[in-house]
Amino acid sequence: MSDKKVHLICNAHLDPVWLWQWEEGAAEAVSTFRTAADLCEEFDGFVFNHNEVILYRWVEEYEPELFKRIQRLVKEGKWHIMGGWYLQPDCNMPSGESFVRQILLGRTYFKEKFDQTPTTAINLDPFGHTRGLAQIMAKSGFDSYLICRPGPPDMSLDSDNFIWVGYDGSEVIVRRSRHHYNTILGEAIKKVEECLQSPEDVATMVLWGVGDHGGGPSRQDLRALAGLMKTSEGFDIRHSTPEAYFAQIAETRSSLPRREKDLNPWAVGCYTSQVRIKQRHRRMENEYYSLEKMASAAAYQGLMKYPTAELHEALFDLATSEFHDILPGSSIQPVEEMSLRVLDHGLEIISRLKARTFFALASGQPKANENEIPILVYNPHPFKVKTIVECEFQLQDANWKDEFTVTPVYQNGKLLPSQNEKEDSNMTLDWRKHVSFLAELEPSCVNRFDCRLEVMSEKPKPVLHPDGDRITFKTDEIEVIINTKTGLMDKYAVGGVDQIAPNAFEPIVIADNEDPWGMLVRSYRNVEGRFTLMSDEAGTKFSGVTAATIPSVRVIEDGPVRSVVEAVFEYGCSAICQHYSLPKKGTQIDIQTRVHWEEKNKMLKLSIPVPGKGNKYLGQVAYGFDELPSNGDEAVAQKWVAVISNDGNRTLTCVNDGVYGSDYSDDGLRLTLMRSPAYSGHPLMDRTIVTQDRYLPRIDQGERLFKFRLNGGKTSERMAGIDREALVMNEKPFALSFFPSGSGEKPQPLITLSDEAVLVTTVKKAENNDDLIIRLFEPTGKDCATTMSLPFIGLEREVKMSAFEIKTLRVDPKNRTVVETDLMENAI
C-alpha cells in the first residue's frame, strides 16, 4: 500500500488592509515576498504559494527587481501562483458580475505577467460563500475551490471535501480547511503532526505559514519540516500546490458528498456594518455596468472611442472595495475612510465618462422648439421600462413675482402625467425646477421629452388630506392607509389583497454589542425599543421649520404622478424622517428612510409585518436566488427579497439600493439598516470586546439614507418580474436636460430582448480585441428562449437559456457573427 500523501501548502495570509492601512499592507507584502523568494532559492523542493493580484502589483511597482525574481521562481516551479483572483473578496455581497470581474482581472494579470492560469480558486478568509459562485468558477476555468469558513461549529458537513453544485448544475470540488490557514512561527510542524492523524484515506492538505500580517515561511519551520519528511513512516510529505492536492482528490470524485446550497452563515453582523461602504459599493456597481452598456452603444456606432483604460482603472477601485475586511465593515476607521475615497475615485471616473458618453448618444436629436426645455433619458436596458423619471433644470430667468411656473412634459406632442416637486436647492424663488413624470422608455437608446412652461398664480396645493386619524390613498390598483397617530402604514393592498399588516415600516431598535462581525450570533431578535412619532412641536423643531407648527405626518407632494407622505420619528438621541411615495399608476410604492443615528451597541431594523403564517422567504444572490431562513436568523441577500404566501396568491417583494441584511419570521419582514459596534471590536475568549477606559468612535454614527421599493401581487407575476424591477431601480435610466445641436444621426438601439425575464448583465468591449461581449442571465429558474436583436448591426439571434444559466456571447460586429464563450471570454 502506497504512503498517504500529505500536501504542505505554504502561504502567507496577508490582508492588504484590516487593522492597518494600505501603505503598511504594501510594505508587509514586499517584505513577505522578499523573504519567501530568499527561502525558495535556499531550500530545494520548497514551493511558496500566493494569490491576490493587488499584492503582486504593489511588489511590481515598489520593488521591481524582486518582482523579476518571483517571475523567475515561477518559471522554475519554486513559486506557485495560486487562486488567480484580484483579491479575496467578500463572497456574499458583490453581484454575480462583480465576481466575474474579480476573476477576469486576476486571470488577465497572472497570464500576462507569469503565464499562469490556476485551476483552484482560493478564498481562505471570507465569511461565507454564496452558491452562485459554483457556476461562476466552473465557467471561469476552475475545477476546485479552497476555503476555511464557515468552520465546523457554524456549518456541519459530512466531509471537508465535497462537490458543490451551482444553481444551474455546475460543479466544483471544495475543500474546507478546518485547521485554517495560519501557523505560529516555529510551530508549523505541530500542525502537520496533528493533521497526520486525519482519517482521510487518500491525501491530506496542510496550510501553513505565518499570516494575518504577512510572514509566510521561516527557516526554522522549513528545517523542522525537512526533518519530519525524512523520519515519518507511512506518509509521503511534500511541499505542494492546491492543484496537486485536488488532482488527487478528483480521483475519488464519485465518492464525494454533494452540497446543493450555500456555504453560510458566519459573521452575520457583517451584512450591515459600515453601511456607507455597502451603499457606495452598490452605487459603483450600478454605475459601472450601466456605463459599460452606454459606452458600448456609443463606441460601436462610431460616436466615441471606447474608454478601455479609464474603465479598467475604475474597475480596480471597485474590486479593491470588495475585499473581505472592507465590504463587510470589519476594518478600522481609517480603512473605512480610505475605502470610501477609493470608491469616490472610481465614481468620479465613471461620472466623467458617463457625461462624455451621454452627449455622444444625443447625436441626431432635433433642436428644441422655442419655449420648450428638452429632457433626454437613456435607458441602458434591453427592454422597455415604465418608470417615474426625475430631472432638474433651470428656467432661463428667475421669476420674482408671486407666481409659480409649472413644466408639463410631452413626448411626441402627447402630454404625460407629470408634476413639479421640491428641487434640491432651497431658494424660495420660481427659478429652479424639479419635474417628475411617468414615461415608458424604449430600450437601449435615448428617449426624448420636452417640457413646456405655464405660469400659474401659485404652486398647486396637495389634494390628498388626512381624514380623521388616517391618510387614505386609493387608485384602481392599490389602497394605502397611513396612520397619522403613529406615522406608520396600516394598509397596502394590491387588487384588493392585503400585502402588509398594520404598523408597517416601523423603525425598531435591537440590542447589539461592539462586535462588527457578529461572530457569536445567528440572529438579532431582542427588541430594545421602537421609534415613535414625534409630537408636532418636536417634529417642527427637528424639521427646521420656524414659521409655524406643522404636523409630524404630512402630505408634501401631490400631483398626477404620485403623492408623497412624510413622517418624523424619534428614539433616544436619534431621529428618522420617512417618506412614503404612492403612485397614481402602478402598484410599486417607494419608501425613503433618512436616519440620524446616535446610538451605541444597538441595531436599527425596519419592520414590515405581513399577513399569514409559514410564508416562504426568498432573496436574490449572485447570479441566482435562494430560500432564506424563515426562523428569524439574519440572512444575506442582494437587490431584492420576497415573502411568498403558501397559496401563491400573495407575494410581497422589496428592492433596495444597498442593504444586505434582513430577517424573516412569523413576526414579519425586518430589513436591517444600521449597527453601531466599535471598529474591529473582536471577541476574544472572556475578555471585554473593547477597552473600557476611554471614548471610542463607533460605526455608522450620523446621517444615512435608505431607499426601498415594494410591490405586491400573485407569486407567478412577482417572481417573473422582480429581477428586472430590481435592476431598473439600481441601474437607473440616466436623465439630463440638454439642448441638442440638431446635427448628426440618431444611433440605433444597442440590444433588445424579446422575452419578459432574461437579463443583460454586461455589454462591453472584449479584453483581447474589438469584439463585443454580451452576458445574459436567466434569473427565474426556468428554461426559456429569447430573441436577441442588435439593431446597430442588423443582427437577430434566438438564444436558448437553461434555468439560472449565465451565457456569454462574443459578437464580431464587422462580420456579424456570434459565438458562445466562457466567462473569461474564451470560445467553448
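That block above? That's the structure.
Summarised in this report is the structure supplied together with it. (Residues numbered from 1 in each chain as written. Predicted model: local features only at pLDDT ≥ 70, side-chain atom pairs only at ≥ 80, totals over all residues. Heavy atoms only, no water.)

### Some remarks on the sheet that holds strand β10 (residues 258–259)
On the basis of which strands lie adjacent, the open sheet formed by 5 strands has the order β4-β5-β7-β6-β10 and mixed pairing. With partners counted over all chains shown, the strands left at the sheet margins are β4 (120–123) and β10, one partner each. Where strand β6 (residues 161–165) meets strand β7 (residues 171–176), 5 bridges bridge the pair, whose relative direction is antiparallel. The partner of F162 across the bridge, within β7, is V174. Strand contacts of helix α8 (residues 242–249): β4, β5 (144–147), β6 and β7, with the helix running at about 110° to β7, the strand carrying the most contacts. (Pairing = 2+ DSSP bridges. Helix = DSSP H or I, 4+ residues; strand = E, 2+ residues; numbered from the N terminus. Contact = heavy atoms within 4.5 Å. Axes fitted to C-alpha atoms, helices over the stretch in contact; angles between N-to-C directions.)

### Some details on the environment of V59
Structurally, the position occupied by V59 is in helix α2 (residues 53–62). Classification of V59 as buried rests on a relative accessible area of 0%. Sequence separation between V59 and I70 is 11 residues, and the spatial gap between their C-alpha atoms is 9.8 Å. Ignoring sequence-local partners within four residues, the contact set of V59 consists of A29, V30, F33, P64, L66, F67 and I70. (Buried < 20%, exposed > 50% of the residue type's maximum accessible area, 1.4 Å probe, protein only.)

### Points about the nonpolar core
Counting residues in each nonpolar core, the largest one holds 113 residues, and the members touching the most others are Y56, W79 and I774. The element that contributes the greatest number of residues to this core is helix α11 (residues 333–361), accounting for 12 residues. Sequence-distant contacts of W79, that is, excluding residues within four places in its chain, are made with F33, A36, A37, C40, F48, Y56, I70, L73 and V74. In terms of nonpolar packing, the next biggest core, distinct from the first, is built from 51 residues, V275, V480, M674 and F706 among them. (Core = buried A, V, L, I, M, F, W, Y, C linked by side-chain atoms within 4.5 Å.)

### Some words on the sheet that holds strand β45 (residues 795–801)
Strand order across the open sheet formed by 3 strands is β41-β44-β45, with antiparallel pairing between neighbours. In the strand order of this sheet, the two ends are held by β41 (752–753) and β45, each with one partner.

### Thoughts on helix α6 (residues 188–195)
Listing the buried residues of α6 in full gives A188, K191, V192 and C195. In a view along the axis of α6, the buried residues occupy a sector of 100°, so they form one face of it. (Arc of directions from axis to C-beta.)

### Observations regarding the packing of helix α9 (residues 275–299) against helix α10 (residues 308–321)
Axis separation between α9 and α10 bottoms out at 10 Å; the angle between their running directions is 150°. In terms of their interaxial angle, α9 and α10 are classed as roughly antiparallel. The two elements α9 and α10 cross, and the hand of that crossing is left-handed. Contact with α9, carried on its side by H281, M284, E285, Y288, Y289, L291 and E292, involves L311, H312, A314, L315, D317, L318 and S321 of α10 and no other residues of that element. For the contact of α9 with α10, the per-class residue count stands at 8 nonpolar, 3 polar and 3 charged. (Parallel < 35°, antiparallel > 145°, perpendicular 65-115°, else oblique. Left-handed = near helix turned anticlockwise from the far one by under 90°. Nonpolar A, V, L, I, M, F, W, Y, C, P; charged D, E, K, R; others polar.)

### Notes on the pattern of salt bridges
When the charged atoms of two side chains lie near each other, side chains of opposite charge can form a pair. Counted under the stated rule, the structure contains 59 salt bridges. Of the charged contacts, one joins E41 and R69 as a salt bridge, the two residues approaching to 2.7 Å between their closest N and O atoms. One end of the pair, E41, is in helix α1 (residues 22–42); the other, R69, is in helix α3 (residues 64–75), with 28 residues separating them in the sequence. Looking at R69, the relative accessible area reads 21%, which means it is partly exposed. Linking R594 and E703 is a salt bridge whose minimum nitrogen-to-oxygen distance equals 2.7 Å. Residue R594 is located in strand β30 (residues 589–597), and its partner E703 is located in strand β39 (residues 702–713); the two are separated by 109 residues in the primary sequence. Of the residues examined, E703 reaches a relative accessible area of 41% and is grouped as partly exposed. (Salt bridge = Lys/Arg side-chain N within 4 Å of Asp/Glu carboxyl O.)

### A word on unusual backbone geometry
Omega for the bond connecting R149 with P150 falls within 30 degrees of zero, at -5°, which places this linkage in the cis form. Position of P150 among the secondary structure elements: in the loop between β5 and β6. Of note, the amide linkage connecting N264 to P265 takes the cis form, showing an omega dihedral of 0°. One can find P265 in the loop between β10 and α9. In the Ramachandran plot, A267 falls in the positive-phi region, its phi being about 60° despite a non-glycine side chain. Counting through the fold element by element, A267 comes out in the loop between β10 and α9. Located in the positive-phi region is F505, a residue other than glycine, with phi close to 65°. As for its placement among the helices and strands, F505 is situated in the loop between β23 (497–498) and β24 (506–511).

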